[in-house]
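# Overview (structure and organization)
This is what each chain is made of:
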Amino acid sequence: MTAQTLAGATAAPPDLERQTYAKVFWRLVPFLMLCYVVAYLDRVNVGFAKLQMAQDLGFSETVFGLGAGIFFLGYFLFEVPSNILMSKVGARIWIARIMITWGLLSAAFLFVKTPTQFYVLRFLLGLAEAGFYPGVILYLTLWYPAHRRAKIVAVFMSAIPVAGIFGNPLSGWIMESFHQVSSLSGWQWMFVIEAVPALVIGLAVLAYLDNNVAEAKWLSPEQKRLLQHEIDLDQAHGSKGPHTVAAVFTDARIWWMAAIYFAFVMGQYALTFWLPTLVKATGVKGNFNIGLLSAIPFLCAIVAMNLFGRSADSKRERRWHLIIPALMGAVGFAVAASFADNTVVSLVFLSLAAAGVLTCAPLFWSLPTAFLSGTAAAAGIAAINSVGNLAGFASPYLIGYLKDLTGSTAIGMYVLAGSLVVGAVLVWLTPKQLVNR
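As the structure is a prediction and not an experimental result, all values here were calculated from the model.

On to the overall build of the chain, then. A count of helical and extended segments in the chain gives 20 helices and zero strands. The C-alpha atoms of the chain give a radius of gyration of 21 Å, which matches the 22 Å a tight globule of 437 residues would have. When each of the 437 residues of the chain is scored for burial, the buried share is 59%. Counting only contacts in the chain whose residues sit at least 6 apart along the sequence, the fraction spanning at least 24 positions is 83%. With the model as given, the accessible surface of the chain reaches about 16100 Å², and the carbon-plus-sulfur share is 69%. For the chain, the separation between the mean place of its 28 positive charges and that of its 20 negative charges on side chains is 4 Å.

See the structure below:
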């Protein structure tokens with residue numbers, strides 16, 4: 001069906017449209033959020049484990065930073081193949097496979113004794129989880145057109161701060177309450193207990209998710225037609241993007257998007273991996289107290305993510321809705337680094353940093369999905385995410401290395417602030433006609 005034909009089709013009644021999208025939202029988004037909360041918790045709980053693990057095993061800051069970051073090398077290698085496979089076998093089976101394998105590997109951290117074992121398991125965890133996040137982004141393009149996507153992706157990615165709000169106090173409580181139970185350290189119990197939800201929800205995915213609109217038995221025929229019409233119209237607009245997997249890798253816009261995402265992910269993972277350490281450095285005592293205070297920046301991030309996402313969709317403006325939070329994150333990191341020994345000031349500006357960097361992630365995806373569609377979208381989204389997520393390797397390792405070198409995290413945080421400014425400039429240089437719709 002052509003864009004002209006689609007554009008000339010009769011508009012759906014407003015009540016039907018509103019009811020249909022409300023039904024899709026409540027059926028899919030909370031469940032996908034739950035999946036991502038579990039995914040993100042299993043990915044970054046190593047940052048909390050460090051409070052005991054590094055001392056128990058004698059790991060330096062550099063060893064920990066490398067182990068935290070090496071996850072993203074495995075993630076990088078398998079992400080594009082994973083997303084292409086998902087587009088062939090369907091989201092239901094593939095997302096379930098991802099969750100079950102990463103749950104098993106996360107529990108296996110119980111047995112880590114040496115840096116090599118730590119590196120290998122983090123690398124394998126990256127391989128296992130590769131494709132989950134870009135797979136969900138791709139999956140949402142099958143249900144939501146571009147002009148609705150920023151708000152939905154922002155709600156979905158609220159899972160990151162939710163994982164921090166509940167996961168940090170939970171991790172701290174497990175590590176204190178279960179320490180030396182059955183001769184295991186608290187961090188060992190944390191990895192085992194927090195792996196269980198991934199296994200349970202992975203099995204639930206098989207029964208709950210539908211691969212696409214056509215398979216959704218919970219939608220009426222009229223609702224299916226409405227959704228498919230909007231998706232077809234959206235994909236017709238996506239004709240200005242690459243049409244084959246090979247074309248994705250020769251399209252300069254893909255690499256431009258990857259550079260922007262890299263700059264933003266530098267800030268995101270520095271925050272999520274190192275926040276407990278940064279809070280502890282201000283003088284806070286006790287793992288549970290550190291967990292509670294670490295939740296505050298994530299609460300601020302939830303509010304900012306959803307306000308910016310709603311505004312971006314209502315105004316159909318993408319660039320400035322990314323530039324402003326990126327600069328917020330830069331200011332937050334720079335000031336927090338300058339007042340690292342002051343708990344109140346540090347928390348206020350770490351909260352600003354969290355609100356900025358975590359808002360950048362969901363709003364970023366409204367840029368490439370504005371010109372990617374079809375088979376190329378699976379490869380394009382995965383390529384951008386995999387290259388951008390190499391910052392997840394660089395960022396924790398850089399912070400750890402600079403902390404060992406200087407005895408402070410301040411220099412690393414100034415570097416992160418600079419990275420966010422670079423990302424904001426790259427967004428500003430992106431043609432607005434390419435992404436504003």
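Counting residues in each nonpolar core, the largest one holds 150 residues, and the members touching the most others are Trp102, Phe132 and Trp143. If one sorts the elements of this core by residue count, helix H13 (residues 252-281) sits on top with 15 residues.

So, on to the packing of H13 against helix H16 (residues 343-364). H16 packs onto H13 with a crossing angle of 145° between their chain directions and a minimal axis gap of 9 Å. When you trace H13 past H16, the crossing you get is left-handed. Only Leu347, Leu350, Ala354, Val357, Leu358, Cys360, Ala361 and Phe364 of H16 make contact with H13, whose side of the interface consists of Met257, Ile260, Tyr261, Phe264, Gly267, Gln268, Leu271, Leu275, Leu278 and Val279. When the residues that make up the contact of H13 with H16 are grouped by side-chain class, the tally is 16 nonpolar, two polar and no charged.

A few words now on the packing of helix H14 (residues 287-315) against H16. Look at H14 against H16: their axes get within 7 Å of each other, and the N-to-C directions meet at 40°. Relative to H16, the element H14 lies oblique. You can see that H14 and H16 cross each other, and the crossing is right-handed. Contacts between H14 and H16 involve Leu293, Ile296, Pro297, Phe298, Cys300, Ala301, Ala304, Met305, Phe308, Gly309 and Ala312 on the former and, on the latter, Leu347, Leu350, Ser351, Ala354, Ala355, Leu358, Thr359, Pro362 and Leu363. Here the residues of the contact of H14 with H16 sort into 17 nonpolar, three polar and no charged.

Given 3.6 residues per turn, any residue in an α-helix points the same way as the ones three and four places further on. Spanning 30 residues, H13 covers 42 Å between terminal C-alpha atoms, matching the ideal 44 Å at 1.5 Å per step. Along its length, H13 reaches its greatest deviation from straightness, about 60°, at Trp274, and the proline Pro276 lies no more than four positions downstream. Across the 30 residues of H13, 22 count as buried, placing the element largely inside the fold. Two or three places before Arg253, at the start of H13, stands the capping residue Asp251, its side-chain oxygen 2.9 Å from that residue's backbone nitrogen.

Attention now goes to helix H10 (residues 186-208). Given a rise of 1.5 Å per residue, 23 residues ought to cover 33 Å, and the 34 Å separating the end C-alpha atoms of H10 matches this to within 8%. Gly186, Trp187, Gln188, Trp189, Met190, Phe191, Glu194, Ala195, Ala198, Ile201, Gly202 and Val205 are the residues of H10 that are buried.

Moving on to the packing of aromatic side chains. Evaluated as defined, the whole model comprises 24 aromatic pairs. On the basis of an interplanar angle of 20° and a centroid distance of 4.7 Å, the ring pair of Tyr261 and Phe364 is categorised as stacked. Within this pair, whereas Tyr261 is found in helix H13, its partner Phe364 is found in helix H16, the two being separated by 103 residues in sequence. Grouping residues by exposure puts Tyr261 and Phe364 together as buried. One aromatic cluster in this structure is built from Tyr36, Trp102, Phe132, Tyr133, Phe156, Tyr261, Phe364 and Trp365. Just above the ring of Phe64 sits the side chain of Lys50; from NZ or CZ to the centre is 5.6 Å. Just above the ring of Trp94 sits the side chain of Arg97; from NZ or CZ to the centre is 4.4 Å.

Structurally, the position occupied by Asn45 is in the loop between helix H2 (14-44) and helix H3 (46-57). Given the relative accessible area of 2%, Asn45 is considered buried. Every residue in contact with Asn45, bar those within four places of it in the chain, is listed here: Ser171, Met190, Phe191 and Glu194. For Asn45, the side chain forms a polar contact with the side chain of Glu194, separated by 2.9 Å.

So, on to the pattern of salt bridges. Scanning the entire structure with this criterion turns up eight salt bridges. Measuring nitrogen to oxygen at the nearest pair gives 3.6 Å for the salt bridge that ties Lys403 to Glu61. On the criterion of sequence distance, the pair formed by Lys403 in helix H18 (residues 390-406) and Glu61 in helix H4 (residues 61-89) is long-range, its members being 342 residues apart. Between Arg148 and Glu230 there is a salt bridge, with its nearest N and O atoms 3.9 Å apart.

In this section: the side chain of Arg149. By the secondary structure assignment, Arg149 is in helix H8 (residues 146-157). Residue Arg149 is classed as buried on the basis of its relative accessible area of 4%. The contact partners of Arg149, leaving out residues within four places of it in the chain, are Thr141, Tyr144, Asp234, Asp313 and Thr369.

Conventions we followed
- Every chain is numbered independently, its residues counted from 1 as its sequence is written.
- Confidence filtering applies because this is a predicted model: local features only for residues at pLDDT of at least 70, side-chain atom pairs given and counted only at 80 or more, and all residues used for totals across whole chains, interfaces and linings.
- Hydrogens and water are ignored here; the side-chain numbers use all heavy atoms of the structure.
- Each helix is a run of DSSP H or I of at least 4 residues and each strand a run of E of at least 2, with the numbering of both proceeding from the N terminus.
- Throughout, the radius of gyration refers to the C-alpha atoms, and the reference size of a globule is 2.2 Å times the residue count to the power 0.38.
- When a residue's accessible area, from a 1.4 Å probe over protein chains only, is under 20% of the maximum for its type it is buried; when over 50% it is exposed; and in between it is partly exposed.
- Residues are treated as being in contact if the distance between any of their heavy atoms lies within 4.5 Å.
- Exposure was quantified through the Shrake-Rupley algorithm and a 1.4 Å probe, taking into account, for residues, occlusion by the shown protein chains and nothing else.
- We treat Lys and Arg as the positive residues and Asp and Glu as the negative residues; His and chain ends play no part in the count.
- By convention, charge coordinates are those of NZ in Lys, CZ in Arg, CG in Asp, or CD in Glu.
- Throughout, nonpolar core names a set of buried Ala, Val, Leu, Ile, Met, Phe, Trp, Tyr and Cys residues whose side chains join them through atoms within 4.5 Å.
- Axis lines are fitted to C-alpha atoms, over the contacting stretch for helices. Their N-to-C directions set the angle, which ranges from 0 to 180 degrees.
- Should the near helix be turned counterclockwise from the far one by less than a right angle, the crossing is left-handed, whereas a clockwise turn marks it as right-handed.
- Gly falls in the polar group here, along with every residue not listed as nonpolar (Ala, Val, Leu, Ile, Met, Phe, Trp, Tyr, Cys, Pro) or charged (Asp, Glu, Lys, Arg).
- Roughly parallel means an angle under 35 degrees; roughly antiparallel, over 145; roughly perpendicular, 65 to 115; everything else is oblique.
- In a helix, the anticipated span is given by 1.5 Å times the number of residues less one.
- Bend at a residue means the angle formed by two fitted axes: the first through the 7 residues ending at that position, the second through the 7 residues beginning there.
- Whenever a nitrogen or oxygen atom comes within 3.5 Å of another N or O atom, the pair is scored as a polar contact, on the condition that within protein one atom can donate a hydrogen and the other can accept it, and that pairs from neighbouring residues in sequence are kept only if both atoms are in side chains.
- Only rings of Phe, Tyr and Trp enter the pairing, Trp through its six-membered ring, and a pair is recorded when the two centres are within 6.5 Å. The plane angle decides the type: under 30 degrees is stacked, over 60 is edge-to-face, the rest tilted.
- Here, a charge over a ring means that NZ of Lys or CZ of Arg falls within 6 Å of the ring centre while also lying within 35 degrees of the ring normal.
- By convention in these notes, a salt bridge is any Lys or Arg side-chain nitrogen within 4 Å of a carboxyl oxygen on Asp or Glu.

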